[in-house]
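Chain by chain, the residues run as shown.
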Amino acid sequence: MEKLTFYALSAPEKLDRIGAYLSERLSRDVARHRYGYVCIAMEALDQLLMACHCQSINLFVESFLKMVRKLLEADKPNLQILGTNSFVKFANIEEDTASYHRSYDFFVSRFSEMCHSNYEDPDIRTKIRMAGIKGLQGVVRKTINDELQANIWDPQHMDKIVPSLLFNLQSGEGTESRSPSPLQASEKERESPAELTERCFRELLGRAAYGNIKNAVTPVLMHLDNHSLWEGKTFAVRCFKIIMYSIQSQHSHLVIQQLLGHVDANSKSSATVRAGIVEVLLEAAGIAASGSVGPTVLEVFNTLLRHLRLSVDYELTGSYNCTNIGTKIIKEHEERQLQEAVIRTIGSFANTLPTYQRSEVMLFIMGKIPIPGMHPMLPSTGSGELHQTLPNSFLDPLLSFALLEDAEIRLLVLEILVSLIDRHDNLPKFSSISIISDISVLKLKVDKCSRQDNLFMKKHAQHLYRHVYLCSKEQSSVQPHFEKLYSLLALISMELANEEVVVDLIRVALALQDLALSSEETLPVYSRCAVHALSSAYLNLISQLTTVPAFCQHVHEVIEMRQKESPYLLPEDVFIENPKIPKTLEKLEGELLFQQAKITEVLGGSGYNTERLATPYVPQFTDEDRLSKRKSIGETISLQVEVESRNSPEKEERTPAEEITFETLKNAIVDSVGVEEQEKERRRQVVEKFQKAPFEEIAAHCGARATMLQSKLNQIFEITIRPPPSPSGTITSSYGQTQSRSVPVYEMKFPDLCVY
């Protein structure tokens, strides 16, 4: 062998003749069943191939591949394995020159066939299958970098290679535990077909370029379809985990798109199949989310929402109405499982997105919900700052949902809101409402409020406060609602609180206490106790955050008094499985209540705005209330009319506008003599309101008047800028024609009698 190798290296032009001779000898020995000589000839070919890397090796390789082919076609398993091992050695050689006349089609087909071997002896069967897997790995390695070769990514090859690998990956799932013990086998022998297959599959996917991903994934989808492997889910999930972690991350969105297309293609399949594909999508999307950019994000949600709607339709109608497969009865519980899978996938995928994209997605989903009068526009993307995470176009419709009668929707909105405001993971610390004597044990993360956050609160604070107030007022609110309201108040204090916000939050907490005490509100006893408990828990938290000792002392005293005399006003007795609340709530007063005057006094001494603190909080009412069927907006309108009429300089001429209130109509009917006194009282109330009411409230009342004034001014400017032709004369052009000239009003000369 040494002499032969030396001769071949010193006279490389003889190499093809040496190869042809060995090939001929080997063919003859195979035919005569002289397998000892077959092994010698094959070893000689192997050694020559490993030693000679000269330019003329191509012709020798032809002889070599011809012999490998001869061995693979033989019936004897040992010859097939011998041929495969030789091919693998050849596959690992990097040739100096590319070859354009070689074809590997036979090898792809034969190795794929060996992967599916059903040989009777299980040990030999395993060896044949492993040889097939190694052979496919060799073909991929040999052809992947050779530009002149037939493309291994073509569907005709992939449709053989991928199912062969998946077959072995699947068949190895239950047999791994039966592998021999480490003492009985060497490392190579211990390796199972499934492990080898996984390595080979990962290598194949890792080499896939952008344009080849589709051809590699399509056979996977077909295999899972053909063998009904979506229902079990575990194998399908395992396949796609291998795919997602093996391909280059920038290509991951292509796999997601194929899965989405497959969900669409299976829209008429059984719910279990669809649920299986969605579960796989859930896993794959979680891995791919970081690399998903552009339209893929919304495409995922659009497809999932479409299938959620389809599933609900199927559940309601009870069958698929499909022309080509007829009517097919569906199972409700399976559709429910699918719906849950879709919702989990939406949540999981959204959870991995940047915060600003989450708001886009939620706005997109809200746009799909048919609520009358809701047509939100998508916000512009930006950084993770809160004023971009919660733009007007998203926050306004979101808070509108918080006013709906449906308690579940209100809870969902609160959950969305708190998760977006919480940027320092403080939310788990406020998941339940309780009186914490020392909040330092919570180890809260509090950052200084940024300029952007201040701007956000200037714009939206009143909006948020009114929703806290109105949600507390809802009779259908139960423990989870109050817990989320507490989380919302606490997180605003953590994330967005400057001095003005702290003052307003304290005013809101005191307003909640007044709401629970109010005899006008028809709140049930549980709701009253819950609002008291919410107010006390929040004041306990905010007092410790402000670190004003006298404020903390007052709150502590009230809580202590409640613990002794009326524990049903504290969260520990209200927010439990069986709330300990009385049948009726007696009138509360004195030391059981937080006193606005006392809090104003102690905080005023520490530099807080006493005037603002002393003013009770009154929620603003806006157009959104139409969604909640509340009529409170009427009060605002009548108040605006009254404010306008009282403060108008042309009061004498607007007497009819003044009288359009219920009170004045009643007086007109009764012909009361105390009209003047009532007039004075009403004026006094309006003046007092303008002196003491918060600025936001006055601004809301005066908005309509300012708009009317602006419209009048616009009319005046219209007349001034484009006046009618002037009566003050005409001008003559150079051609002798007369034309009318427009003169501005302020230049017109009027007769004295016309001037007033």
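What counts and what doesn't
- Residues numbered from 1 in each chain as written.
- Predicted model: local features only at pLDDT ≥ 70, side-chain atom pairs only at ≥ 80, totals over all residues.
- Heavy atoms only, no water.
- UniProt positions renumbered as here; feature names shortened; annotations may be inferred.
- Helix = DSSP H or I, 4+ residues; strand = E, 2+ residues; numbered from the N terminus.
- Buried < 20%, exposed > 50% of the residue type's maximum accessible area, 1.4 Å probe, protein only.
- Contact = heavy atoms within 4.5 Å.
- Areas by Shrake-Rupley, 256 points an atom, 1.4 Å probe, with all protein chains shown as cover.
- Phe/Tyr/Trp six-rings, centres within 6.5 Å; stacked < 30°, edge-to-face > 60°.
- Core = buried A, V, L, I, M, F, W, Y, C linked by side-chain atoms within 4.5 Å.
- Axes fitted to C-alpha atoms, helices over the stretch in contact; angles between N-to-C directions.
- Parallel < 35°, antiparallel > 145°, perpendicular 65-115°, else oblique.
- Nonpolar A, V, L, I, M, F, W, Y, C, P; charged D, E, K, R; others polar.
- Left-handed = near helix turned anticlockwise from the far one by under 90°.
- Lys, Arg positive; Asp, Glu negative; His and termini not counted.
- Salt bridge = Lys/Arg side-chain N within 4 Å of Asp/Glu carboxyl O.
- Patch = residues over 30% accessible without salt bridge, like charges linked within 9 Å, V, L, I, M, F, W, Y side chains within 5 Å.
- Expected span 1.5 Å × (residues − 1).
- Arc of directions from axis to C-beta.

Labelled according to an unreviewed UniProt entry, the protein appears under the name EFR3 homolog B, originating from Sinocyclocheilus grahami. Looking at the protein in UniProt, the text filed under Sequence similarities (unreviewed entry) is "Belongs to the EFR3 family."

Asker: Sorry, what's going on with the overall build of the protein here?
Answerer: Of regular secondary structure, the protein possesses 33 helices and four strands. Burial analysis of the protein (756 residues in total) assigns 46% to the buried set. The long-range share in the protein, meaning contacts at least 24 apart out of those at least 6 apart in sequence, stands at 72%. By element, 54% of the accessible surface of the protein is carried by carbon and sulfur atoms, the whole surface being about 39600 Å².

Asker: Sorry, what's going on with the packing of aromatic side chains here?
Answerer: Both the distance between ring centres and the angle between the ring planes are used here to describe each pair of aromatic rings. Counted according to the given criterion, the structure contains 10 aromatic pairs. Between Tyr469 and Tyr617, the ring centres sit 6.1 Å apart and the planes meet at 65°, which makes this aromatic pair edge-to-face. Within this pair, whereas Tyr469 is found in helix 21 (residues 451-473), its partner Tyr617 is found in the loop between helix 28 (610-614) and helix 29 (633-647), the two being separated by 148 residues in sequence. There is no split in this pair, since Tyr469 and Tyr617 are both buried.

Asker: Help me understand the nonpolar core, please; the structure alone is not making it clear to me.
Answerer: Nonpolar side chains in soluble globular proteins tend to be buried together. Ranked by size, the top nonpolar core spans 102 residues in total, and within it Phe107, Phe201, Trp230, Phe240 and Leu259 carry the most contacts. Not counting chain neighbours up to four residues away, the residues in contact with Phe201 comprise Val162, Leu165, Leu166, Val220, Ile242 and Ile243. If you look at the next biggest cluster of nonpolar residues, it comprises 79 residues, including Leu417, Met457, Val468 and Cys529.

Asker: It is not clear to me how the packing of helix 3 (residues 35-51) against helix 5 (residues 77-91) should be interpreted in this structure. Could you clarify?
Answerer: It is at 10 Å that the axes of helix 3 and helix 5 come closest, and there the two elements cross at 5°. One element, helix 3, and the other, helix 5, form an angle in the roughly parallel class. Together, Tyr35, Val38, Cys39, Met42, Asp46, Leu49 and Met50 of helix 3 and Leu79, Leu82, Ser86, Lys89 and Phe90 of helix 5 make up the contact between the two elements. Partitioning the contact of helix 3 with helix 5 into residue classes produces nine nonpolar, one polar and two charged.

Asker: Looking at this structure, I do not really get the environment of Tyr526. What am I missing?
Answerer: Within the element layout of this structure, Tyr526 appears in helix 24 (residues 525-546). Each C-alpha atom, one on Tyr526 and one on Leu569, is 9.9 Å from the other, the two residues being 43 residues apart in sequence.

Asker: Quick question: what am I supposed to make of the packing of helix 6 (residues 105-115) against helix 7 (residues 122-144) here?
Answerer: The angle between the axes and the distance between the axes are what describe a pair of packed helices. As a packed pair, helix 6 and helix 7 sit with axes 7 Å apart at the nearest point and diverge in direction by 150°. In terms of their interaxial angle, helix 6 and helix 7 are classed as roughly antiparallel. Handedness of the helix 6/helix 7 crossing: left-handed. In this structure, helix 6 contributes Phe107, Val108, Phe111, Ser112, Met114 and Cys115 to the contact, and helix 7 contributes Ile128, Arg129, Ala131, Gly132, Ile133, Gly135, Leu136 and Val139. Among the residues making up the contact of helix 6 with helix 7, the classes are represented as 10 nonpolar, three polar and one charged.

Asker: Would you explain the side chain of Lys484 in this entry?
Answerer: One can find Lys484 in helix 22 (residues 479-495). The side chain of Lys484 sits in the buried core without any salt bridge; Glu415 is the nearest counter-charge, 4.6 Å away. Leaving out residues up to four positions away in the same chain, Lys484 has contacts with Leu411, Leu414, Glu415 and Val418.

Asker: Any chance you could explain a nonpolar patch on the surface here in plain terms?
Answerer: Taken together, the side chains of Leu709, Leu713, Ile716 and Phe717 define a hydrophobic patch exposed on the protein surface, amounting to about 380 Å² of accessible area. Positionally, Phe717 belongs in helix 33 (residues 695-721).

Asker: How should the pattern of salt bridges be read in this particular structure?
Answerer: Opposite charge on two side chains lets them pair, provided their charged atoms get close. This model, assessed by the stated rule, comprises 14 salt bridges. Residue Glu500 is joined to Arg612 by a salt bridge in which the shortest nitrogen-to-oxygen separation is 4.0 Å. Here the residue Glu500 occupies a position in helix 23 (residues 499-517), and Arg612 occupies one in helix 28, the gap between them amounting to 112 residues. The shortest N-O distance in the salt bridge between Arg684 and Glu681 comes to 2.9 Å. With Arg684 and Glu681 both in helix 32 (residues 675-692) and three residues apart, this pair spans about one turn of that helix. Each of Glu500, Asp504, Arg507 and Arg612 takes part in one network of salt bridges that share partners.

Asker: When you look at the environment of Thr584 in this model, what are you seeing that I'm missing?
Answerer: Mapped onto the fold, Thr584 is located in the loop between helix 26 (571-574) and helix 27 (596-604). C-alpha of Thr584 to C-alpha of Val525: the two residues are 59 residues apart in sequence and 6.3 Å apart in space.

Asker: Whenever I open this one, helix 2 (residues 15-31) confuses me. Can you help?
Answerer: In an α-helix, one full turn covers 3.6 residues, which means residues spaced three or four apart are oriented alike. Taking 1.5 Å as the rise per residue, helix 2 with 17 residues should run 24 Å; its terminal C-alpha atoms sit 24 Å apart, in good agreement. By the burial criterion, the buried members of helix 2 are Leu15, Ile18, Gly19, Leu22, Ser23, Leu26, Asp29 and Val30. One side of helix 2 holds all its buried residues, which, seen down the axis, span an arc of 130°. Seen from the open side of helix 2, the exposed residues pointing more than 90 degrees away from its buried face are Arg17, Glu24 and Ala31. Of the residues one or two after helix 2, His33 is the one with positive phi, at around 60°.

Asker: Before we go on, may I ask you to explain unusual backbone geometry in this structure?
Answerer: Backbone geometry at Ser228 places phi at a positive 50°, although glycine is not the residue there. For Ser228, a relative accessible area of 47% gives the class partly exposed. Of note in the backbone geometry, Lys443 takes a positive phi value of approximately 50° without being a glycine. Mapped onto the secondary structure, Lys443 falls in the loop between helix 20 (407-421) and helix 21.

Asker: Can you walk me through the side chain of His157 in this structure?
Answerer: Its location among the elements puts His157 in helix 8 (residues 155-171). Taking the relative accessible area as the measure of exposure, His157 reaches 4% and is therefore buried. If sequence neighbours within four positions are ignored, His157 has contacts with Asp105, Val108, Asn151 and Ile152.

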